[in-house]
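A structural walkthrough
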Amino acid sequence: MHILGIRHHGPGSARNVKSFLEKTRPDIILVEGPPDADEILQWVGKEELKPPVAILVYQPDDAKQSVFYPFAEFSPEWQAILYARKNNIPVRFMDLPATHMLGVEKEERDKQKVAMQKSEEESDAHEEQRESEDTPTINSQQAVAGTEDEETRMVHKDPIAYLAAVAGYDDGEKWWDVMFEQRRNNEETFEAIAEAMSELRDTFPKKDNRKEQLREAYMRKVIRQAEREMFTNIAVICGAWHVPAFKNMPKQKEDNELLKGLPKVKVDCTWIPWTYNRLTFYSGYGAGIDSPGWYAHIWKYPEDNGTRWMSRVAELFRKKDMDVSVAHVIEAVRLAQDLAALRQLPRTGLHELNEATWSVLCNGENILLQLIEKELIVSDTIGEVPNDIPKPPLQLDIEKKQKKLRLSPTADWKDYLLDLRKENDLERSIFLHRLQILDIDWGKKSEVSGKGTFKEQWRLQWRPELSIDIIEKGTWGNTLEEAASAWVSHKCKEADSLQEVSDLLSQVIPAELAEAAKQVAQQINNMAAATNDVLELVKVIPGLTGIVRYGNVRQTDANMILTLLDSMVTRICIGLPVACCGIDESTASALTEDCTKIEHGIQLLKHEAFVQQWQQCLQTIAHNEQASPMLKGFAVRQLMDYKILQDDALYNVFYSSLSKAVAPSEAAAWLEGFLKGSGTILLLDESLWQIVNDWVRQLDDDTFVQLLPLLRRTFSTFSPAERRKIGEKVKRGGGSVLVIKTTNTLHNERAQQGIAVVMKLMGYEEMNLKIC
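Given the structure is predicted, the values throughout are model-derived calculations rather than measurements.

With that out of the way, let us pick up the overall build of the chain. The secondary structure content of the chain amounts to 34 helices and 12 strands. Going through the 772 residues of the chain one by one, you find that 48% of them count as buried. A sequence separation of at least 24 residues applies to 74% of the contacts in the chain between residues at least 6 apart. Entry remark: accessible area of the chain is about 39700 Å², with carbon and sulfur atoms responsible for 49%.

Moving on, we get to unusual backbone geometry. Residue P51 is joined to P52 through a cis peptide bond whose omega torsion reads 10 degrees. Note on placement: P52 falls in the loop between β2 (28-31) and β3 (53-59).

Here we come to the sheet that holds strand β9 (residues 443-446). Spatial ordering of the open sheet is given by β8-β10-β9, a layout of 3 strands whose pairing is antiparallel. Among the strands making up the open sheet, the edge pair consists of β8 (414-419) and β9. Across the sheet, the mean angle separating the axes of adjacent strands is 30 degrees when strand polarity is ignored. The pairing of β8 with strand β10 (residues 455-460) spans 6 bridges and is classified as antiparallel. In the strand pairing of β10, L417 is matched with Q457. Against the sheet, helix α18 (residues 423-437) engages β8, β9 and β10, with an angle of about 120 degrees to β8.

The next subject is helix α12 (residues 292-300). Among the 9 residues in α12, 8 count as buried, and that is most of the element. Those residues of α12 lying buried are P292, G293, W294, Y295, A296, H297, I298 and W299. For α12, the secondary structure elements touched by its buried residues are α1 (11-24), α2 (76-86), α7 (172-181), α13 (307-319), α15 (350-361) and α16 (366-378).

The tally for this structure, following the rule as stated, stands at 27 salt bridges. In this structure, E32 engages R215 in a salt bridge whose closest nitrogen and oxygen atoms are separated by 2.7 Å. Taken together, the residues E32 in the loop between β2 and β3 and R215 in helix α9 (residues 210-228) connect sequence positions 183 residues apart. Across the pair, R215 and E32 agree in class, each one buried. For E331, the salt bridge goes to R334, with nearest N and O atoms at 3.5 Å. Taken together, the positions of E331 and R334, both in helix α14 (residues 326-342) and 3 residues apart, correspond to about one turn of that helix. For E331, a relative accessible area of 42% corresponds to the partly exposed category.

Bringing the pairing of strand β4 (residues 62-71) into the picture now. Relative to β4, β3 runs antiparallel, the two sharing 7 bridges. Its bridge partner lying in β4, V57 is registered against V67. The antiparallel hairpin formed by β3 and β4 contains 2 residues in its connecting segment.

What follows is about the side chain of D255. Take D255: it is sitting in helix α11 (residues 252-259). At a separation of 3.0 Å, a polar atom in the side chain of D255 contacts the side chain of R224. Apart from the residues lying within four places of it in its own chain, the contact partners of D255 are A217, R220, R224 and P250.

Together, E494, D496, E500 and D503 line one region of the surface with negative charge. Mapped onto the secondary structure, E494 falls in helix α20 (residues 480-494).

Attention now goes to the sheet that holds strand β6 (residues 234-239). Taking strand neighbours across the sheet as the criterion, the 4 strands line up as β1-β6-β2-β5 in an open arrangement whose pairing is parallel. At either margin of the open sheet sits one strand with a lone partner, and together these are β1 (2-6) and β5 (91-93). Each strand of the sheet is rotated relative to its neighbour by a mean of 20 degrees, with strand direction disregarded.

Take the nonpolar core next. Soluble globular proteins tend to bury their nonpolar side chains together. Within the largest apolar cluster, 103 residues are counted, with the highest numbers of intra-cluster contacts made by L576, W614 and W695. With 8 residues, the single largest contributor to this core is helix α24 (residues 559-579). In this structure, W614 is in contact with C573, L576, C595, I598, E599, I602, F634 and Y642, ignoring residues within four places of it in sequence. Core analysis: the next-biggest nonpolar cluster, separate from the first, contains 41 residues, L279, W294, W299 and L376 among them.

Turning next to the packing of aromatic side chains. Enumeration over the complete set of coordinates arrives at 15 aromatic pairs. Ring centres 4.3 Å apart and planes at 40 degrees place the aromatic pair W176 and F180 in the tilted group. Taken together, the positions of W176 and F180, both in helix α7 and 4 residues apart, correspond to about one turn of that helix. Centroid distance W476 to W487: 5.3 Å. Interplanar angle 75 degrees. Geometry classified as edge-to-face. Of this pair, W476 sits in the loop between α19 (466-473) and α20 while W487 sits in helix α20, and the two are 11 residues apart along the sequence. Counting every residue linked through ring pairs, the aromatic cluster contains F71, W78 and W271. For R308, the ring lying beneath its charged end belongs to Y301, and the centroid distance is 4.0 Å. In this structure, K473 is placed above the aromatic ring of W487, and the distance from its NZ or CZ to the ring centre is 5.0 Å.

Examined against the element boundaries, T475 turns out to sit in the loop between α19 and α20. When its relative accessible area of 57% is taken as the criterion, T475 is described as exposed. Spatially, the C-alpha atom of T475 lies 9.7 Å from that of W487, the residues being 12 residues apart in sequence.

Reading the values: rules and limits
- Residues numbered from 1 in each chain as written.
- Predicted model: local features only at pLDDT ≥ 70, side-chain atom pairs only at ≥ 80, totals over all residues.
- Heavy atoms only, no water.
- Helix = DSSP H or I, 4+ residues; strand = E, 2+ residues; numbered from the N terminus.
- Buried < 20%, exposed > 50% of the residue type's maximum accessible area, 1.4 Å probe, protein only.
- Contact = heavy atoms within 4.5 Å.
- Areas by Shrake-Rupley, 256 points an atom, 1.4 Å probe, with all protein chains shown as cover.
- Pairing = 2+ DSSP bridges.
- Axes fitted to C-alpha atoms, helices over the stretch in contact; angles between N-to-C directions.
- Salt bridge = Lys/Arg side-chain N within 4 Å of Asp/Glu carboxyl O.
- Polar contact = N/O pair within 3.5 Å; in protein donor to acceptor, adjacent residues only side chain to side chain.
- Patch = residues over 30% accessible without salt bridge, like charges linked within 9 Å, V, L, I, M, F, W, Y side chains within 5 Å.
- Lys, Arg positive; Asp, Glu negative; His and termini not counted.
- Charge placed at Lys NZ, Arg CZ, Asp CG, Glu CD.
- Core = buried A, V, L, I, M, F, W, Y, C linked by side-chain atoms within 4.5 Å.
- Phe/Tyr/Trp six-rings, centres within 6.5 Å; stacked < 30°, edge-to-face > 60°.
- Lys NZ or Arg CZ within 6 Å of the ring centre and 35° of its normal.

Structure follows, in structure tokens:
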């Protein structure tokens, strides 16, 4: 039996494994991995299965409970399996089956839930006693930290890091890379790994937890099974840490006792594409590496002394329109080789190449090194999986549509600007919207500048975990359309608010799910008829009007939404005047915002019946003395824009609303509602300008200071162009006096002189000032 300890995803380990297998020609190969996936190993070696790929093992009834087993071309396990497939040698996975692994994890989660419930009950029971005794409490983490011995604390650190420290390295990954991954044609590598791991495991025995013990016990079980089957030349490919567990195996009875009665769950397996960035530590992968792109390079070009790598760096910079000459490349390679020689390294490594690149090509700029890390050191490479591999029906349907619409999954971001007037782009949009409904967030939609609604901007990035989401949603249907419709129906039944159902409808319309849209519309109609809350209806109207407009762009029937709007607009116009009474400032502000959206929606639809009902509602609010001042001001402004309220009637309302008899706070709220969203009216109407100016002038100092935040809030909503023009009008005089209020106890005459100088410096020379 040959035990080959390797580093997962190590190119040197992969090369040594391949060389060893070619030399010894074993009659069976056992690889660390899930035995549940033995059947799908038949796909390894076919051209359509291109690494990086991963075996996905999941529970069909709960797809979120799953395990990924990723492989790159430079993974030793992949090379071992590939060798076995090419030479017709039996190959098996030997790790603890996922059916037990997930079962054990489920058992642990259940125990934790019970323990947490028990802890909460005990905590509640003793809460009163602890308070009465006034004794300090220690949480569980503090208690563990207080009793933990030095040996237990040490094993929390990666044990290999201690070997690196002895060798003078501050990074265990870098030490392993130099000692094993860069080493070539060294037949004693596996013996050295076995000896090193034996010493580490003797030093840190507490490193082994129950799950590790179960895994190694099952691996030994598979090895014994191979021996019983009369295989005489067995190659075992496993992580370096496990090697000592197979050198001196315990009795079979001990392992059988350990594995007895393990919990089980049902699992399925398939191959999925993987990405290099998901092989890194930073992605959260426990067996991750720092530089998959670099490892792929030295796997493909083992004899490269840095020249080929530096040429790739130069090529990348030139694509970014940066000047890089051949001389730069030569000097960088020489510097990297000199650094390796000074550090007594067997060959030039990535650290030396990065330092040389930073000095020669980047001129000391770290941001360029970040570009190299993203594009070359990590890379955005994504694998490929054959279409005929067994997959859930929903996943097959999605992949079929991806191919038809030419939306290839990529590991990096890819932007698409869709023109909905084009058939293929419209189908792409429908496809992406249906994925969004199922919470499969492959694409993110962003706003597009311009007035047209026939364009959509999407940014797509494929992530391996999306396969889990697809499998999970596969229970709702075998095709994307079926699953999305069923999911909408489910969400519709669970929705508690009218707003939630309305938002759901806004997702269904662009996804063109006709039956689901009818069901959601019916639910909206039922909930709208049952509610007595006019404010809830008000929040729904803007979204529905937007749906009508969006539906027209997509050439869909908007009559269904118009029918809903007909009854809801009528109810709002009847109930809104009453809802405007007796509300606080924050509610009035929010309601004014909603009414502004309703106004825009009605203007957009140009539906005569809606406009008439809305105008009647505004007149009722404007003349209702009990209504909120802000909403009254808003109503007056809209009636003025409709030319229903103008000339003397408008000025009378304006004067009465801003007269001295009205409380300043109410007058300010009324003015905020009137000027909501636009200050153009003040620029065009001199009479209204004078009214506002006179109203500000007559305020006493204390009242002005009190109202200043309200006035600032009102004018801050104006566009920069409007604010600039208002300032220019004040500068020219504008038929008014600039009133400056201050709470400082400065002498008025001195203040007049000082502020006049400041205003002159700011360009306001012809300004009539009044200091209060």
